[in-house]
Amino acid sequence: MRKVLMKGNEAIGEAAIRAGCLNYFAYPITPQSEVAEYLSHRMPEVGGVFLQGESEVAVGYMIFGASGCGERVFTTSSSPGISLMSEAISYIASAQCPAVFVNIIRGGPGLGGILPSQGDYFQATKGGGHGDYRLLVMAPASVQEAVEMVMEAFPLAEKYRNPVMILGDGLIGQMMEPVEFPEHLSSKPTNKDDWATTGMDTRKSDKPNVVKTLFLDAKVLNNLNLTLKAKYDRMKKEEVRYEPYNIDSDYKVLIVSYGTMSRVCKTAVDNLKEEGFEVGMIRPQTLFPFPETAINEAAGKKSCKTVVSIEMSMGQMVEDVERSVLGKRPVEWYGKCGGEVPTPEEVMEVLREFGK
Amino acid sequence: MGKTFEKPEALSDAHTHYCPGCTHGIIHRLVAEVIDELGVRKRTVGIAPVGCAVLAYNYFTCDFQEAAHGRAPAMATGIKRVRPDLIVFTYQGDGDLASIGMGEIIHAANRGEKFVTIFVNNAVYGMTGGQMAPTTMPGQRTTTSPAGRNVEEVGMPIKVANLLAALQTPAYITRQSVLKPKHIIQAKKAIKKAFTYQIEKKCFSLVEVISTCPTNWGLTPVESIKWAEETLLPYYELGELKTPE
Ligand SMILES: Cc1ncc(C[n+]2csc(CCOP(=O)(O)OP(=O)(O)O)c2C)c(N)n1
Ligand code: SF4
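Rules used in this analysis
- Residues numbered from 1 in each chain as written.
- Chains lettered and ligands numbered in written order.
- Predicted model: local features only at pLDDT ≥ 70, side-chain atom pairs only at ≥ 80, totals over all residues.
- Heavy atoms only, no water.
- Near = heavy atom within 4 Å.
- 1 Å grid on protein atoms, 1.4 Å probe; cavity = no way out; pocket = protein on both sides within 12 Å on 5 of 7 lines; lining within 4 Å.
- Sits in = over half its atoms within 2 Å of the grid points.
- Helix = DSSP H or I, 4+ residues; strand = E, 2+ residues; numbered from the N terminus.
- Nonpolar A, V, L, I, M, F, W, Y, C, P; charged D, E, K, R; others polar.
- Buried < 20%, exposed > 50% of the residue type's maximum accessible area, 1.4 Å probe, protein only.
- Pairing = 2+ DSSP bridges.
- Right-handed = clockwise from strand over helix to strand, strands pointing away.
- Polar contact = N/O pair within 3.5 Å; in protein donor to acceptor, adjacent residues only side chain to side chain.
- Areas by Shrake-Rupley, 256 points an atom, 1.4 Å probe, with all protein chains shown as cover.
- Contact = heavy atoms within 4.5 Å.
- Buried area = accessible area lost by both parts, 1.4 Å probe.
- Salt bridge = Lys/Arg side-chain N within 4 Å of Asp/Glu carboxyl O.
- Phe/Tyr/Trp six-rings, centres within 6.5 Å; stacked < 30°, edge-to-face > 60°.
- Lys NZ or Arg CZ within 6 Å of the ring centre and 35° of its normal.
- Axes fitted to C-alpha atoms, helices over the stretch in contact; angles between N-to-C directions.
- Lys, Arg positive; Asp, Glu negative; His and termini not counted.
- Disulfide = S-S within 2.5 Å.
- Points joined across faces, edges and corners; volume = space filled by probe spheres on them.

Chemist: I would appreciate a short explanation of the site of ligand 2 in the present structure.
Modeler: Residue and element names in this part refer to chain B. Neighbouring ligand 2 are Tyr18, Cys19, Cys22, His24, Cys52, Asn122, Gly126, Cys213, Pro214, Thr215 and Asn216. A molecule is said to occupy a pocket when more than half its atoms come within 2 Å of that pocket's grid points, and by this definition ligand 2 occupies the largest pocket. Broken down by element, the shell around ligand 2 gets its largest block of residues, three residues, from helix H8 (residues 214-217). Partitioned by chemical class, the residues of the shell around ligand 2 number six nonpolar, five polar and no charged.

Chemist: Looking at this structure, I do not really get the pairing of strand S2 (residues 23-26) of chain A. What am I missing?
Modeler: Remember that side chains alternate between the two faces of the sheet whenever the strand is regular. Residue and element names in this part refer to chain A. In S2, alternate side chains face the same way, and those of Asn23 and Phe25 on one face and Tyr24 and Ala26 on the other are all buried. Here S2 runs beside strand S3 (residues 49-52); their pairing, made up of four bridges, is parallel. Paired with tyrosine 24 across the strands is phenylalanine 50, a residue of S3. Tracing the backbone out of S2, into helix H2 (residues 33-45) and back to the parallel element S3 gives a crossover that is right-handed.

Chemist: Is there a simple way to explain the site of ligand 1 in this structure?
Modeler: Residue and element names in this part refer to chain B. Close to ligand 1 lie 16 residues; Cys52, Asp94, Gly95, Asp96 and Gly126 are nearest. Glycine 95 is positioned such that a nitrogen or oxygen atom in its backbone is 2.9 Å from an oxygen atom of ligand 1. Between ligand 1 and valine 124 there is a distance of 3.1 Å, counted from an oxygen atom to a backbone nitrogen or oxygen. Compared with its free state, where it exposes 600 Å², ligand 1 has 77% of that area covered by protein.

Chemist: Quick question: what am I supposed to make of the interface of chain B and chain A here?
Modeler: Reports of interface size often rely on the accessible area that becomes lost once the parts have come together. Of the residues lining the interface, 30 residues belong to chain B; the matching set on chain A comes to 34 residues. Note on chain B versus chain A: buried area summed over both sides is about 2600 Å², and carbon and sulfur give 62% of it. For the chain B face of the interface with chain A, the top three residues by lost area are Lys42(B), Asp63(B) and Val82(B), together amounting to 22%. Measuring nitrogen to oxygen at the nearest pair gives 3.4 Å for the salt bridge that ties Lys42(B) to Asp206(A). Inspection of the region where chain B meets chain A yields 16 residue pairs in polar contact (both at pLDDT 80 or more). Mapped onto the side of chain B that touches chain A, the elements with two or more residues apiece are strand S2 (63-66), helix H2 (72-82) and helix H4 (102-111) of chain B. Per element, the largest residue contribution to the side of chain B that touches chain A is seven residues, and it comes from H2(B). When its residues are assigned to classes, the side of chain B that touches chain A shows 13 nonpolar, six polar and 11 charged. Bridging between strand S9 (residues 210-211) of chain A and S2(B) involves two bridges; their strand directions are parallel. For Val210(A), the partnering residue across the bridge sits in S2(B) and is Phe64(B).

Chemist: For this particular structure, what's the right way to read the packing of aromatic side chains?
Modeler: To describe a pair of aromatic rings, one takes the distance between the centres and the angle between the planes. Inspection of the entire model under this criterion finds 18 aromatic pairs over all chains. Seen in terms of ring centroids, Tyr235(B) and Tyr236(B) are 5.0 Å apart; in terms of plane orientation they differ by 85°. Their pairing is edge-to-face. You can call Tyr236(B) buried: its relative accessible area is 0%. Aromatic ring contacts, followed pair by pair, group Tyr57(B), Phe60(B), Phe64(B), Phe89(B) and Phe195(B) into a single cluster. For the cation-ring pair, Lys266(A) lies above Tyr245(A), with the distance from its terminal atom to the ring centre recorded as 5.0 Å. Over the face of the ring belonging to Tyr235(B) we find Lys159(B), whose NZ or CZ atom lies 4.4 Å from the ring centre.

Chemist: Please clarify how the sheet that holds S2(B) should be interpreted in this entry.
Modeler: The eight strands are arranged S9(A)-S2(B)-S1(B)-S3(B)-S4(B)-S6(B)-S5(B)-S7(B) in an open sheet whose pairing can be described as mixed. The open sheet has two edge strands, S9 of chain A together with strand S7 (239-242) of chain B, and neither has a second partner. Where strand S5 (residues 171-177) of chain B lies against strand S6 (residues 204-210) of chain B, seven bridges are found, and the strand directions are parallel. Residue pairing across strands places Tyr172(B) opposite Ser205(B), the latter belonging to S6(B). With respect to the sheet, helix H7 (residues 181-199) of chain B is in contact with strand S3 (87-93), strand S4 (116-121), S5, S6 and S7 of chain B, its orientation differing from that of S5(B) by roughly 160°.

Chemist: What is the right way to read the side chain of Asp96(B) from this model?
Modeler: Residue and element names in this part refer to chain B. The topology assignment puts aspartate 96 in helix H3 (residues 94-100). Notably, aspartate 96 is buried but unbridged: the nearest opposite-charge side chain belongs to arginine 71, and the N-O separation is 8.0 Å. At 2.7 Å, the side chain of aspartate 96 forms a polar contact with the backbone nitrogen of glycine 70. With residues up to four places along the chain from it excluded, the contact list for aspartate 96 reads Pro49, Val50, Ala68, His69, Gly70 and Gly101.

Chemist: What is the right way to read the state of the cysteines from this model?
Modeler: Covalent bonding between the sulfur atoms of two cysteines is what defines a disulfide. By the definition in use, this model includes zero disulfides over all chains. Lacking any disulfide linkage, Cys69(A) is separated from the closest cysteine sulfur, that of Cys97(A), by 9.1 Å.

Chemist: Would you explain the environment of Val307(A) in this entry?
Modeler: Residues and elements named next belong to chain A. Mapped onto the secondary structure, valine 307 falls in strand S14 (residues 306-311). Between the C-alpha atom of valine 307 and that of valine 253, which follows or precedes it by 54 residues, the distance is 5.8 Å. The residues contacting valine 307, other than those within four sequence positions of it, are Leu254, Val256, Ala299, Val321, Val325, Arg329, Pro330, Val331 and Glu332.

Chemist: Can you help me understand empty space enclosed by the protein in this one?
Modeler: If a probe as big as a water molecule is rolled over the atoms, it shows which places are left empty. Residue and element names in this part refer to chain A. Here the structure, examined in full by the defined rule, presents two cavities of 30 Å³ or more. What the largest cavity holds in volume is close to 60 Å³. Lining of the largest cavity is provided by Ser67, Gly70, Glu71, Arg72, Val73, Pro98, Ala99, Val100, Phe154, Ala157, Glu158 and Pro189. Counting only elements with at least two residues in the lining of the largest cavity, the list comes to strand S5 (99-105) and helix H6 (143-160). Among the elements that take part in the lining of the largest cavity, H6 stands out by supplying three residues, more than any other. Residues belonging to the lining of the largest cavity are distributed by class as follows: seven nonpolar, two polar and three charged. Within this model, the second largest cavity holds a volume of roughly 40 Å³. Contributing to the lining of the second largest cavity are Gly70, Pro98, Glu158, Arg161, Pro189, Thr190, Lys192 and Trp195. Broken down by class, the residue content of the lining of the second largest cavity amounts to three nonpolar, two polar and three charged.

Right, dumping it as structure tokens:
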């Protein structure tokens with residue numbers, strides 16, 4: 001397919017359609033309302049469902065209802081909206097239904113601002129909603145990668161019967177970049193006969209399917225949590241993704257950075273290389289599961305003196321980096337939030353400092 | 001002689017967890033009879049609320065989803081939009097629908113979502129131990145209004161069916177009760193009408209059902225019926241509030 005120039009938000013909407021997801025429910029919020037605007041005309045064109053819900057709370061449960069029927073469904077929102085959906089996300093994880101949530105993060109807390117941020121790292125990777133659940137979290141660094149991740153997210157959500165979150169920032173959503181769309185996904189959701197409320201006449205068995213999250217018996221609830229944990233452990237084994245950068249050099253400093261921030265870091269790494277100062281980078285593409293082993297090994301390289309987590313948040317991912325490095329090297333943090341993306345020069349300055 | 005009375009196919013054999021004299025069971029039965037009579041059990045999805053009816057899926061023999069507190073109409077919307085061929089009903093109490101879930105029910109009704117809501121109004125929060133509901137009567141004592149509902153402080157009870165009937169979108173909105181046999185016969189007719197409108201893809205329907213909660217009213221089942229007739233029915237008048245025609 002040829003490349004087309006597209007805004008991130010619109011490309012995300014188109015990618016979902018090409019992933020065979022013809023059901024979209026959403027509530028407008030900057031900086032991702034273009035997804036809804038795009039799909040409000042695109043979904044009817046392809047015979048899909050587009051509905052603007054009355055709130056993110058309601059949208060969360062529209063997603064739950066639809067995914068409980070075993071249909072591919074997704075929504076997009078930004079930080080305050082994801083906070084409101086977090087209740088439903090916890091229920092969907094508990095009921096073991098597949099669904100895809102896209103968070104185009106804006107600055108927080110509170111109403112915050114509408115500029116790019118990575119302030120929802122904790123919310124996405126550690127909870128947001130209540131209870132012992134996890135999301136599979138993918139973090140694109142370009143419009144192209146956003147498209148690919150959205151298209152992979154649906155089969156992954158179905159594989160694990162668990163919500164998947166695409167964690168982008170305002171820049172990914174707003175940026176225009178050339179994209180090449182992969183072939184339409186041909187796989188369909190499978191195995192829904194065992195659990196989804198598809199209507200009994202669509203199935204062989206005469207047993208009603210019940211999608212629920214109430215388990216009053218302590219043993220039964222513990223078992224559910226063990227089942228969920230086993231899925232999250234399997235994700236840790238099978239779904240870790242990251243991109244190493246300049247990792248074959250004898251780097252003095254190792255950066256861990258993701259999304260938009262990692263692009264700035266790449267430029268800084270390139271510029272510093274010209275000065276003769278080697279910096280390596282691990283870019284997590286999945287934030288949960290986190291590339292712990294890769295970071296641990298990269299931190300252990302002889303030349304490496306320091307590991308630094310560079311993020312557009314006030315030190316969130318750094319906790320996972322510390323957890324990965326396991327004390328092998330000092331772990332530092334650098335970041336900014338509020339909407340200003342650190343410049344390559346600022347990052348270089350910081351790296352020179354840490355490299356001393 | 002043939003059988004004259006039997007359990008609807010849409011009801012299971014599970015033992016009820018509802019308290020003695022609670023009218024939730026009657027309403028379940030009416031819904032099940034209607035599902036049987038219309039022959040839609042195998043393409044029906046019910047949605048259980050958070051409230052005493054949270055376990056409704058134990059009693060029905062069709063597919064079920066269990067909502068979070070108040071969110072059943074949003075879930076029903078999700079299901080109905082992606083699978084318009086399914087027959088969908090929500091079954092909700094007054095705390096669930098008229099308090100925490102008021103936004104969802106108004107917007108679902110206003111969009112004209114083609115599902116049925118059975119709204120069980122027992123003027124109290126049953127499951128959590130008899131706290132005040134938006135439908136609690138003036139002066140009615142509950143565990144959070146020990147001196148009786150003070151309307152100066154918390155306003156008058158909400159007449160949900162009237163509120164929804166005021167929307168401009170066509171709908172079937174009715175208030176029924178299951179206190180006396182004659183009420184039960186009428187209530188079943190209304191529920192059947194509501195499901196039929198859905199099968200015909202006509203409109204959203206809400207059947208409000210005045211119900212009892214002997215446990216939290218602190219009354220015997222017989223006293224409960226009397227109290228409901230004397231106190232609730234004059235305020236919550238029965239009848240058709242809106243039809244789609
Ligand atoms: C978000 C949330 N808040 C509060 C509760 C606690 N809760 C459970 S049932 C209920 C009230 C149910 O009352 P009602 O809807 O009137 O149904 P009834 O039990 O009377 O049939 C409440 C407040 C909850 N489960 N979830
Ligand atoms: S608490 Fe009230 S509403 Fe709940 S089952 Fe008992 S009588 Fe019925």
